[in-house]
Protein chains: 2
Amino acid sequence: MKNRAKPTNRQGGAVTAEKLREEAARLFWEKGYAATTTREIAESLGVQRASIYYHIESKEELLYDLCVESLRNIRSAVATAVADKSDPLDRVRAMIRAHVVSMLEDREKHATMLTELRALSAPRRAEIVRLRDEYESLVRAIVSEAQEAGVLWKEASAKELELALLNLLNWTIFWYRTDGELSPEDLAKLFEKIYLGGVART
Amino acid sequence: MKNRAKPTNRQGGAVTAEKLREEAARLFWEKGYAATTTREIAESLGVQRASIYYHIESKEELLYDLCVESLRNIRSAVATAVADKSDPLDRVRAMIRAHVVSMLEDREKHATMLTELRALSAPRRAEIVRLRDEYESLVRAIVSEAQEAGVLWKEASAKELELALLNLLNWTIFWYRTDGELSPEDLAKLFEKIYLGGVART
DNA sequence: GTCTATATTAGGATAGAC
DNA sequence: GTCTATCCTAATATAGAC
């Protein structure tokens, strides 16, 4: 057996920028960005501290890339989910489902993006805020269309309804457990029912 | 003029544990607990770094005290608000109002408590989790009573309805601005309407 | 692509004077 | 109750060998 390309790390494969980002997302979510050290990231991957700098320029780059990926993923999930729906209420339902499922299936990344924005330097933060605003515009447009079609309240603005919806969905990252009773789909159904119909018995 | 007790800091008064906690809450919320340095806290108060250790034992103590205070305040606000109501639906409404107003009027403290728990050492974290669970039990009891009285859904459990309610309310800390269009009371009314009645036009 | 070794700075906390 | 001075550790990142 030739020993070329024999890795000395414990993960079996070469450390790639991809693996780095995965592990970073996990640790950033577990301990927070500022409290996570590059030492820990390297240790988790079974390599020396210096080795990770072959793949990345800085710790902040890991956070930035992760935020970009998170926002691209959720935006694309929602856009795809509503693409083949024309009924305004169906589009709202599809959006809720896609947002919740996408968010919870890649929870570490989305949670980090949603809560660690302030750790980025000003230029990178501005870029992420721009992407986030773009996503919020998509959500708001879907809400607004439903209002115009007469199937959602008009007593509140599209902005207010959008913020309330994201409130209801996003906080889930803080308590959702993969080993819990409710699947992402179950939660999406619950939130859809509550958002559209409320919890009061009629 | 005698110059005894003349403070050299820029704040005009003596630095007290109270002022320390206020400033810490502000900075912890602005930059996160781990990214906030004791140097910055001292600088904001106009004193030398060493001086703050006369009032506290460690940076972590600031976070812990702040979490305890936050949970005591919101619990007491909600308990007081529902105390004189007997109608189950009125109690739910009063709880929403008190939670939102209390949370937003002392936003830095509550936000820090809600998001920086993981920075505490295990014993202190356990203590805060216990207080938080106590508060959640109060919320759940109010929801549960309303279900038993037949005025809220029973298709979902009290736990699910409680989690969904706190979702809807808590995420507000991430976007609420004191200079925005909506007051805490306005937001409480909006959330009350959405939570109980949903946003679909009937 | 990963290693050893290290430069460099920052951060929490303490000692002891006033 | 605050100051100056400093200890000590931990952290990001780089240099250069293999």
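Preceding this paragraph is the structure being described.
From a predicted model like this one, the values you see are computed outputs, not experimental measurements.

Enquirer: Account for the interface of chain A and chain B, naming residues and giving values.
Expert: On the side of chain B, 43 residues touch chain A, which itself brings 43 residues to the contact. Summed over both partners, the interface of chain A with chain B comes to about 3,700 Å²; 65% of that surface belongs to carbon and sulfur atoms. One salt bridge in this structure joins R118 of chain A and E116 of chain B, with 3.2 Å as the shortest N-O distance. Where chain A meets chain B, there are 20 residue pairs in polar contact (both at pLDDT 80 or more). With nine residues, helix α7 (residues 158-170) of chain A is the single largest residue contributor to the side of chain A that touches chain B. Here the side of chain A that touches chain B is composed, by residue class, of 27 nonpolar, eight polar and eight charged.

Enquirer: Just give me the short version of the pattern of salt bridges, but keep the residues and values in it.
Expert: Two side chains bearing opposite charge may form a pair once their charged atoms approach each other closely. Scanning all chains against the criterion turns up 43 salt bridges over all chains. Notably, a salt bridge pairs E18 of chain B with R21 of chain B, separated by 3.6 Å at the nearest N-O pair. Within this pair, E18 of chain B and its partner R21 of chain B are both found in helix α1 (residues 17-31), separated by three residues, close to a single helical turn. When its relative accessible area of 38% is taken as the criterion, E18 of chain B is described as partly exposed. Among the salt bridges present, the one from K154 of chain B reaches E148 of chain B, with a minimum N-O distance of 3.6 Å. The network of salt bridges with common partners includes E18, R21, E22, D65, E69, D106 and K109 of chain A.

Parameters at a glance
Throughout this description, residue numbers start from 1 for each chain and increase along the sequence as written. Just so you know, chain letters begin at A and ligand numbers begin at 1, following the order they were written in. Per-residue local features of the predicted model are confined to residues with pLDDT of at least 70, and side-chain atom pairs are confined, for both listing and counting, to 80 or more; whole-chain, interface and lining totals are unaffected and use all residues. Calculation of side-chain values draws on the structure's entire complement of heavy atoms; hydrogens and water are dropped beforehand. Whether two residues touch is decided by their heavy atoms; if any such pair falls within 4.5 Å, the residues are in contact. What gets called buried area is simply the loss in accessible area from a 1.4 Å probe that two parts show on being joined, summed for both. Here a salt bridge means any side-chain nitrogen of Lys or Arg lying within 4 Å of a carboxyl oxygen belonging to Asp or Glu. Here a polar contact is recorded for every N or O atom pair within 3.5 Å, except that within protein the pair must consist of a potential hydrogen donor and a potential acceptor, and residues adjacent in sequence are included only if both atoms are side-chain atoms. Helix and strand assignments come from DSSP, with helices taken as H or I runs of at least 4 residues and strands as E runs of at least 2, each series counted from the N terminus. Classification used: nonpolar for Ala, Val, Leu, Ile, Met, Phe, Trp, Tyr, Cys and Pro, charged for Asp, Glu, Lys and Arg, polar for all others including Gly. Accessibility here uses a 1.4 Å probe with only protein chains present; expressed as a share of the type maximum, an area under 20% marks a residue as buried, one over 50% as exposed, and anything in between as partly exposed.

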